[in-house]
Amino acid sequence: MAASALFILDLKGKPLISRSYKGDVGLGEIESFAGLLEQREDEGTLTPLLPHGHLHFLWIKHSNLYLVATTKKNGNASLVYAFLYKVVEVFCEYFKELEEESIRDNFVIVYELLDELMDFGFPQTTDSKILQEYITQEGNKLETGKSRVPTTVTNAVSWRSEGIRYKKNEVFIDVIESVNLLVSATGSVLLSEVVGTIKLKVFLSGMPELRLGLNDRVLFELTGRGRNKSVELEDVKFHQCVRLSRFDVDRTISFIPPDGDFELMSYRLSTQVKPLIWIESVIEKFSHSRVEIMVKAKGQFKKQSVANGVEIVVPVPSDADSPKFKTSVGSARYLPEKNVIVWSIKSFPGGKEHLLRAHLGLPSVEREEDEGRPPIAVRFEIPYFTVSGIQVRYMKIIEKSGYQALPWVRYITQSGDYQLRTS
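Computed from a prediction, not measured in an experiment: that's the story for all the values here. (Residues numbered from 1 in each chain as written. Predicted model: local features only at pLDDT ≥ 70, side-chain atom pairs only at ≥ 80, totals over all residues. Heavy atoms only, no water.)

K.L.:
Summarise the overall build of the protein; cite the residues concerned and give the values.
P.N.:
Assigned secondary structure in the protein consists of seven helices and 25 strands. Evaluated residue by residue, the protein yields a buried proportion of 44% over its 423 residues. Considering only residue pairs separated by 6 or more positions, the protein has 68% of its internal contacts joining residues 24 or more positions apart. (Helix = DSSP H or I, 4+ residues; strand = E, 2+ residues; numbered from the N terminus. Buried < 20%, exposed > 50% of the residue type's maximum accessible area, 1.4 Å probe, protein only. Contact = heavy atoms within 4.5 Å.)

K.L.:
Let's hear about the environment of Gly 196: which residues, and what values?
P.N.:
One can find Gly 196 in strand 11 (residues 189–203). For Gly 196, a relative accessible area of 0% translates into the label buried. Through-space distance from the C-alpha of Gly 196 to that of Ser 388 is 9.0 Å; in sequence the pair is 192 residues apart. The residues touching Gly 196, leaving out its near neighbours within four places in the chain, are Ile 176, Glu 177, Met 265, Ser 266 and Tyr 267.

K.L.:
Give me the lowdown on the nonpolar core, citing residues and values where you can.
P.N.:
Counting 68 residues, the largest nonpolar core has Leu 200, Ile 253, Phe 255, Leu 264 and Ile 277 as its most contacted members. Here this core takes six residues from strand 10 (residues 170–183), the largest share from any one element. Those residues within four positions of Leu 200 in sequence are excluded, and the remaining contacts are Val 171, Phe 172, Ile 173, Leu 210, Phe 255, Gly 260, Asp 261, Phe 262, Leu 264 and Met 395. The next biggest cluster of nonpolar side chains, apart from the first, holds 32 residues, and it includes Leu 6, Leu 16, Phe 83 and Leu 98. (Core = buried A, V, L, I, M, F, W, Y, C linked by side-chain atoms within 4.5 Å.)

K.L.:
So what's going on with a nonpolar patch on the surface? Which residues, and what values?
P.N.:
On the surface, Phe 107, Val 108 and Tyr 111 cluster together into a nonpolar patch covering about 260 Å² of accessible area. As for its position among the elements, Phe 107 is in helix 4 (residues 107–117). (Patch = residues over 30% accessible without salt bridge, like charges linked within 9 Å, V, L, I, M, F, W, Y side chains within 5 Å. Areas by Shrake-Rupley, 256 points an atom, 1.4 Å probe, with all protein chains shown as cover. Salt bridge = Lys/Arg side-chain N within 4 Å of Asp/Glu carboxyl O.)

Structure (structure tokens):
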């Protein structure tokens, strides 16, 4: 049992949508939540789960809305929150933006979706692609796309329709890794982790079974292979199409894929990562006069790789003006509304060093308060490269008609929360 009711409220606690799946939760409970939320906010004791007598409110906030589920039993809280975020995802697929106005304009579709997403307190069809087969939207009206419920809702593979046909059968695999890094002013790495996702774009006919093999360390140990080129994945999360029992036995990622785009899996590695783009900075602030900034950037990745779309965001005092820049490569611009200099480098090869010098004026009257010095942030994308060394070893495509299909693999490393503090 996930929830006995689901409410959507505006930020003032006024209900926009209420759907009771058990028939025992109504307007009084919504008012209780609104009052409890306001009270806890005033006391500074607000939590994601709010108990009220025998009732528990589990809520999330999205844009200018509260999505609230209730339960009177000792339910699985993780399941409830996963369902709430899935509701947000489905609504965003239908309305592009989920906010108060989109709920008011489409309340008929919202109620129809809530009826399909959950039945008698149990999550049902939560795949937006399948829902769109029989709940179609035209303007603000609801149309029934088919006179009968698609077989995808009742069969074992609810995420894929039958009868899909393509002239050319292909699978595109994107391995995308985001590097989160925080470096202290002394050059010590304070935080280092890699968050990865494997995304697929599937154009395959029929009901194919796919088997994906990675250089997973646990698999290599099971098969007695060396560990030199293997990686140890943590916090692995799969799409619902993956057969988890098969993965637990022999680490094979076996699945019948949804049609089109989807995220097959995500993972994390907390191993120490060498900063891919290293930043050294010298900031000299002359009272009543000027501030001079020197920033040196070095690519600490393989020379054959190239970082694209590099942006180095350098914070400056809020009262600076009259900027002058000199760069060894790329261009720099001053954003006074954000108090930063953005140094843009279109192409940054590994092993190269580049330099930025900036000169900014300061007003004659010095600010009284001392400003904190935010870290330098770096944004980049490196194609054909992964930090972890993860590799797709094979992709087998099995379909009863026996057609030949082509798998394409692309690797991308990009910046996540990548910051370097300045002294």
